[in-house]
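Examination of the molecular architecture
The residues making up each chain are set out below.
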Amino acid sequence: MVVDSEGLLDESCRGAAPLPQEAVRVRLDKPRRDDLADLVFLANNRTVAANLATMPHPYTAQDGTALIDKAAREQACSAVFAIRLKTTGRLIGIARYAAMEAGGPVHVGYWLGEPFWGRGLATEAVHSLVDHAFTCHEIDELQGSCRVTNPASRRVLVKSGFQYRDQAMIRSVSAGGSVPIERYTLERTVWKSLKGWGQAR
């Protein structure tokens, strides 16, 4: 078992997410107080917020502090990571997973700051996020979603083994209303078969 009786991670799953072999450019670990300036600078971007359901715009220091505090609190089937460049340790985005309700499906979410788009870094980060979720929790399936207008996020999900399920509507804080999304799923059995990650490309 990797989850204790209270649903918290055991020692082997605390801290950083395991990185697949090819994830040579990023690492995932807990966001820290000294990340706040980078976090707010990158998150306070209307285009980033428009592609996420719960990110406010403007994004303030108070929002960043709340996220860092949330990441420090361990909860069942939940983790929040800073995505960092391995070369510098700089925070370039956030990756997380959580069950929206007790016993409900576990959703993955992620974003990168705009200066880091288009390099394949998000795919490396999501591979590591998925590895952490399935390695450290006894869950059978992960869910992910993207706005229908966000082909880059769609590619990240597909390259990470997620399979299209359907379309739906979701409320977006920054949009101030509901927006159409595509929903994807990744089963544990599929993850195991793709564990080398090369087949998912």
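Note: the structure precedes this text.
Fair warning: this is a prediction, and the values are worked out from it, not measured in the lab.

**Concerning the overall build of the protein**
When you go through the protein residue by residue, the secondary structure sums to six helices and seven strands. In the protein, the order of α-helices and β-strands from amino to carboxyl end is β-α-α-α-β-β-β-α-β-α-β-β-α. For the protein, the proportion of its 201 residues judged to be buried stands at 47%. Taking all contacts inside the protein whose residues are at least 6 apart in sequence as the whole, residues at least 24 apart take part in 63%. Carbon and sulfur atoms make up 52% of the accessible area of the protein, which amounts to about 10,000 Å² in all.

**Let's talk about empty space enclosed by the protein**
In total, this model carries two cavities of 30 Å³ or more according to the counting rule given. Taken as a whole, the largest cavity encloses approximately 70 Å³ of empty space. Those elements giving two or more residues to the lining of the largest cavity turn out to be α3 (61–72) and β2 (78–85). If you tally residues by element for the lining of the largest cavity, the top one is β2, at three residues.

**Overview of the pairing of strand β7 (residues 177–187)**
Pairing analysis gives seven bridges linking strand β5 (residues 141–147) to β7, with the strands arranged antiparallel. Residue pairing for β7: cysteine 146 is matched across the bridge by glutamate 182. Judged from the nine bridges that link them, strand β6 (residues 163–172) and β7 form a sheet pairing that is antiparallel. Considered in β7, the bridge of alanine 168 is made with isoleucine 181.

**Focus on the packing of helix α1 (residues 36–43) against α3**
Running from N to C, α1 and α3 point in directions that differ by 120 degrees, and their axes come no closer than 9 Å. By the angle between their directions, the pair α1 and α3 is classed as oblique. Seen from above, α1 lies across α3 with right-handed handedness. Between α1 and α3, the contacting residues are Leu36, Leu39 and Val40 on the first element and Ala61, Gly64, Thr65, Leu67 and Ile68 on the second. Taken together, the residues of the contact of α1 with α3 break down into six nonpolar, two polar and no charged.

**Details of the sheet that holds β6**
Read across the sheet, seven strands follow the order β1-β2-β3-β4-β5-β7-β6 without closing on themselves; strand pairing throughout is mixed. Edge positions in the sheet fall to β1 (26–29) and β6, since each has one partner strand and no second. Strand-to-strand twist across the sheet, computed as the mean angle between neighbouring axes with direction ignored, equals 30 degrees. The pairing of β1 with β2 spans four bridges and is antiparallel. Paired with arginine 27 across the bridge in β2 is arginine 84.

**What to know about the pattern of salt bridges**
One pass over the structure, following the stated rule, counts 11 salt bridges. Residues arginine 84 and aspartate 35 are paired through a salt bridge, measuring 2.6 Å at the closest nitrogen-oxygen approach. Residue arginine 84 is found in strand β2, and its partner aspartate 35 is found in the loop between β1 and α1; the two are separated by 49 residues along the sequence. The class for aspartate 35 is buried, based on a relative accessible area of 4%. Salt bridges sharing partners connect three or more residues here, namely Arg27, Asp29, Arg32, Asp34, Asp35 and Arg84.

What counts, and at which threshold
- Residues numbered from 1 in each chain as written.
- Predicted model: local features only at pLDDT ≥ 70, side-chain atom pairs only at ≥ 80, totals over all residues.
- Heavy atoms only, no water.
- Helix = DSSP H or I, 4+ residues; strand = E, 2+ residues; numbered from the N terminus.
- Buried < 20%, exposed > 50% of the residue type's maximum accessible area, 1.4 Å probe, protein only.
- Contact = heavy atoms within 4.5 Å.
- Areas by Shrake-Rupley, 256 points an atom, 1.4 Å probe, with all protein chains shown as cover.
- 1 Å grid on protein atoms, 1.4 Å probe; cavity = no way out; pocket = protein on both sides within 12 Å on 5 of 7 lines; lining within 4 Å.
- Points joined across faces, edges and corners; volume = space filled by probe spheres on them.
- Pairing = 2+ DSSP bridges.
- Axes fitted to C-alpha atoms, helices over the stretch in contact; angles between N-to-C directions.
- Parallel < 35°, antiparallel > 145°, perpendicular 65-115°, else oblique.
- Left-handed = near helix turned anticlockwise from the far one by under 90°.
- Nonpolar A, V, L, I, M, F, W, Y, C, P; charged D, E, K, R; others polar.
- Salt bridge = Lys/Arg side-chain N within 4 Å of Asp/Glu carboxyl O.

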